[in-house]
Each structure stands twice: as C-alpha cells, then as structure tokens.
Amino acid sequence: MKKLFVLLLLTLLFANMVSAQTTNVWIVRHAEKDKSNPQDTNPNLSDEGRIRAGDLATYLKKIKFDVAFATPTKRTHQTLDSLVIPKVIDYKDIKSLVDSIKTNYVGKTVIVAGHSNTVLQIIEALGGKKPKDELTDDDYDYIFELSVKADKARVKMEQYGRPHHL
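Sequence order as written defines residue numbering, which begins from 1 separately in each chain. With pLDDT at 70 or above as the cut-off, local features in this predicted model cover only qualifying residues; side-chain atom pairs require 80 or more to be listed or tallied, and sums for whole chains, interfaces and linings still use all residues. The side-chain figures draw on all heavy atoms in the structure; neither hydrogens nor water molecules are used.

As for the pairing of strand β1 (residues 23-29)
Argument step 1. β1 sits mainly inside the fold: six of its seven residues count as buried.
Argument step 2. When DSSP finds two or more bridges between two strands, those strands count as paired. Secondary structure counts use DSSP, requiring at least four H or I residues in a row for a helix and at least two E residues in a row for a strand, with both numbered from the N terminus. The sheet contact formed by β1 and strand β5 (residues 142-149) spans six bridges and is antiparallel. Bridging from a neighbouring strand, I27 pairs with F144 of β5.
Argument step 3. Of the strand pairs in this sheet, β1 and strand β4 (residues 109-114) are connected by six bridges, and their pairing is parallel. The partner of W26 across the bridge, within β4, is I111. With a 1.4 Å probe rolled over the protein chains alone, any residue whose accessible area is under 20% of its type maximum counts as buried; one over 50% counts as exposed, and the rest are partly exposed.

So, the pairing of β5
Argument step 1. Most of β5 is tucked away: six of the eight residues are buried.
Argument step 2. Two elements, β5 and strand β6 (residues 152-159), share eight bridges in a ladder whose sense is antiparallel. Note that in β6 the partner of E145 across the bridge is K156.
Argument step 3. Counting the residues between successive antiparallel strands, the hairpin from β5 to β6 contains two residues, one of them, A150, with a positive phi of roughly 60 degrees.

As for empty space enclosed by the protein
Argument step 1. Space inside and on the surface of the protein is sampled on a 1 Å grid over the protein atoms alone, with a cavity defined as a set of points where a 1.4 Å probe fits but cannot get out and a pocket as an open set with protein on both sides within 12 Å along at least 5 of 7 lines; lining residues have an atom within 4 Å of a point. Grid points are joined across faces, edges and corners, and a volume is the space filled by probe spheres set on the points. For the structure on display, the rule yields one cavity of 30 Å³ or more.
Argument step 2. If you add up the space inside the largest cavity, you get close to 30 Å³.
Argument step 3. Every residue along the wall of the largest cavity is listed here: W26, Y59, I143, F144, E145, K156 and E158.
Argument step 4. Of all the elements in the fold, those that place two or more residues in the lining of the largest cavity are β5 and β6.
Argument step 5. Ranked by the residues each element gives to the lining of the largest cavity, the list is headed by β5, at three residues.

Following this line, the structure appears as structure tokens:
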C-alpha cells in the first residue's frame, strides 16, 4: 500500500511539473517571396528575402531551437534555412500545429514559419493575444516570441532586419 501511495504521489508530482513548464515559441512570417512569375504558386524567396532570412539567423543566433515548423511551401522552409535546427516538420493547419507543440514539445524552444494570414491566428491558438490587428502582404519584419504555459501565452513583438516600411 505504501509503494502504491508513493507511486501515485510521484505520478502527480511529475504531471504537475510537466503542466508547469514553459514552452518558448517564436513565430515569424516567411521572408519576401519572388513575385516575378505571377503564375508560380510556390515561389522561392527573392534576393531581398534571402537577405532577410540571413537577418533572422543573426537576430536569433543565441537561441537554441529544438524543432521548427514550416508549411509545405518553399518560402517558409527557405526562411528557416539559415538557422541551426535539428528537425523541421511540415504543418498544414493551425490546429495540428498547436496540438503537436502542446503535446510533443512542452518545455522546449520552437520556431514556426507562417504566412501573413496565419501568424496572428497561431498566436491566438496558442493562448496569446494578437499584438497587431493584422499583418499586411508587405509585413515581413515582425517576429513574435511567446512564452506558453498551459493554455495561456505571453506575447512579445519585435522587428528584425531591414524595416519593410521605409
């Protein structure tokens, strides 16, 4: 009986420790895409976008990521290419992304590359408040740092690289 009580107590302590852990999630929109061919539905980054991807790597050089998430598009993957990341996982929808982060990466450091119409939705899905009303098609220089604990997130917004609105 005493062993069962100790086992139950250890299980509760472990569950409490896991739920109390903070997950650090960085969210960025992909860098500038090549718009030279309007028919290309999956363009590469433009020259300016490749520079911004390098600026992202410089901005985050002291952060050690455990995993990255990118949509299946070339531009989200290329935005993350300059970072040192052990594993990049494709995601197709916000729910599956958030479920994966909250289930498999509690207490870890994660980066997500998204799109102008998904970045703020991802922040909300992780429990944070949108720091901006919208991201426009030319908003490429924002980066969001979330500290996620259970179903709440503290959100910090910054800008990196060359400002896009000169």
